[in-house]
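Descriptive structure summary
Residue-level listing of the chains:
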Amino acid sequence: MLIVANWKAYVADLKAARALLRAGERVAGDGHDIVLAPPAPMLAYLCDYGHKSVSFSLQDVSEVSGGAATGEVTAPIAQASGAAYTIAGHSERRAQGEDDALIARKVQAALAAGLTSILCIGERERDAEAEYLGFIRSQIDAVFSVLQPQERAHMVLAYEPVWAIGKSGQEAIAPADLFEMTRYIRKALEAHMSSTEAAQIRILYGGSVEAGNIAALAQDTGIQGFLVGRASTDVKTFSALVRAIR
Ligand code: PGA
């Protein structure tokens, strides 16, 4: 499984960051890929601090590639600082006004710099008529329609229903509903590539994942990993969560 630890702005000091890095190193292996997504200013420090088994991600990336762009964290800078991945389109960025077109440009900037792009998609709420499915499809189409065929292999999708983010474990998606969603997402991907290629794109689930629900969410739901927020920012809860899916 691919486990992405999205520290958001929860981890605010280097001592806590070092402890989480060591925890990540301890639980890596056993077939799991651990990716840490610290706040951007901590990235190079943590890479230099010493790591063998974990990889690093940015939480967001600029659409520009460099030059006169004060304050932007670009994909080439992230790559040079040790990131192998970047998240794009997280709902907390979309809530700041990022639209599908901007997110598509960010994904392209990341791929151009050799990063793997983790694209977050997810509905704000569910309606009885299942119109949210069309919404998910439009989020996928907006990005995949602008990618070159060879770029698609460097994409990871993170399905994160907004209504399930930052809640308690009981409010995460039900495993049966997650299975339906991963099936739907793969079908939507097939509009842009062959079914064999679509089957190779990893789909993660995110939204109130914790040690108590991760095993059920991993079982027969069609996902290849998790994007974990709050529960990834404490050494004990993060270690317990990864061990729960061993
Ligand atoms: P959460 O966040 O695990 O705190 O719900 C997930 C995310 O927003 O990536």
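These notes cover the structure that comes with them. (Residues numbered from 1 in each chain as written. Predicted model: local features only at pLDDT ≥ 70, side-chain atom pairs only at ≥ 80, totals over all residues. Heavy atoms only, no water.)

Let's shift gears to the layout of surface pockets. The calculated volume of the largest pocket comes to roughly 280 Å³. Every residue lining the largest pocket is counted, 14 residues in all, and those nearest its centre are N6, K8, Q59, D60 and R93. Among the residues making up the lining of the largest pocket, the classes are represented as 7 nonpolar, 3 polar and 4 charged. The computed volume of the second largest pocket comes to approximately 190 Å³. Taken together, 15 residues line the second largest pocket, and the ones lying closest to its centre are S91, R94, R124, F135 and Q139. Of all the secondary-structure elements, those providing two or more residues to the lining of the second largest pocket are helix 4 (91–94), strand 5 (116–121) and helix 6 (132–144). Split by residue class, the lining of the second largest pocket holds 5 nonpolar, 5 polar and 5 charged. (1 Å grid on protein atoms, 1.4 Å probe; cavity = no way out; pocket = protein on both sides within 12 Å on 5 of 7 lines; lining within 4 Å. Points joined across faces, edges and corners; volume = space filled by probe spheres on them. Nonpolar A, V, L, I, M, F, W, Y, C, P; charged D, E, K, R; others polar. Helix = DSSP H or I, 4+ residues; strand = E, 2+ residues; numbered from the N terminus.)

Attention now goes to the environment of Y184. Inspection of the secondary structure puts Y184 in helix 7 (residues 175–189). As for Y184 and L133, which are separated by 51 residues in sequence, their C-alpha atoms are 8.0 Å apart. Non-local contacts of Y184, meaning those with residues more than four positions away in its chain, are made with L133, G134, I136 and R137. A polar contact is formed between the side chain of Y184 and the backbone oxygen of L133, at a distance of 3.0 Å. (Contact = heavy atoms within 4.5 Å. Polar contact = N/O pair within 3.5 Å; in protein donor to acceptor, adjacent residues only side chain to side chain.)

Our next topic: the site of the ligand. In the vicinity of the ligand, the residues found are N6, K8, H90, E160, I165, G166, G207, S208, L227, V228, G229 and R230. G229 places a main-chain nitrogen or oxygen 2.8 Å from an oxygen atom of the ligand. Expressed as a share of its isolated accessible area of 280 Å², the protein-covered part of the ligand is 99%. Using a 2 Å cut-off from the grid points, one finds that the ligand occupies the largest cavity. The class makeup of the residues in the shell around the ligand is 3 nonpolar, 6 polar and 3 charged. (Near = heavy atom within 4 Å. Areas by Shrake-Rupley, 256 points an atom, 1.4 Å probe, with all protein chains shown as cover. Sits in = over half its atoms within 2 Å of the grid points.)

This paragraph deals with the sheet that holds strand 1 (residues 2–6). Spatially, 1-2-3-4-5-6-7-8 is the arrangement adopted by the 8 strands of the closed barrel, whose pairing is parallel. Averaged over all neighbouring strand pairs, the angle between strand axes comes to 25°, with direction disregarded. Sheet analysis places strand 6 (residues 155–159) next to strand 7 (residues 202–206), joined by 4 bridges and oriented parallel. Residue pairing in the sheet places V156 in a bridge with R202 of strand 7. Lying over the sheet, helix 10 (residues 235–243) contacts strand 1, strand 2 (33–37) and strand 8 (225–228), oriented at roughly 165° with respect to strand 1. (Pairing = 2+ DSSP bridges. Axes fitted to C-alpha atoms, helices over the stretch in contact; angles between N-to-C directions.)

Moving on to the nonpolar core. In this structure, F144 and Y205 are the most contacted members of the largest nonpolar core, which totals 66 residues. Among the elements that take part in this core, helix 7 stands out by supplying 6 residues, more than any other. Of all hydrophobic cores here, the second largest spans 12 residues; its members include L2, A37, I87 and L227. (Core = buried A, V, L, I, M, F, W, Y, C linked by side-chain atoms within 4.5 Å. Buried < 20%, exposed > 50% of the residue type's maximum accessible area, 1.4 Å probe, protein only.)

Going through the model one piece at a time under the given rule, you end up with 10 salt bridges. The partner of D60 in a salt bridge is K106, and the shortest N-O contact between them spans 3.0 Å. Placement of D60 in the loop between strand 3 (54–58) and helix 3 (75–80) and of K106 in helix 5 (residues 100–112) is noted, with a sequence separation of 46 residues between them. Linked through salt bridges whose partners overlap, the residues forming this network are D60, R93, E98 and K106. (Salt bridge = Lys/Arg side-chain N within 4 Å of Asp/Glu carboxyl O.)

To continue, consider the packing of aromatic side chains. By the definition in use, this model includes 2 aromatic pairs. Each ring, one from Y159 and one from Y205, has its centre 6.5 Å from the other, and the planes form 55°; the classification is tilted. One end of the pair, Y159, is in strand 6; the other, Y205, is in strand 7, with 46 residues separating them in the sequence. (Phe/Tyr/Trp six-rings, centres within 6.5 Å; stacked < 30°, edge-to-face > 60°.)

Our next topic: the environment of A174. Note that A174 resides in the loop between strand 6 and helix 7. For the pair formed by A174 and L46, sequence separation is 128 residues and the distance between their alpha carbons is 35 Å.

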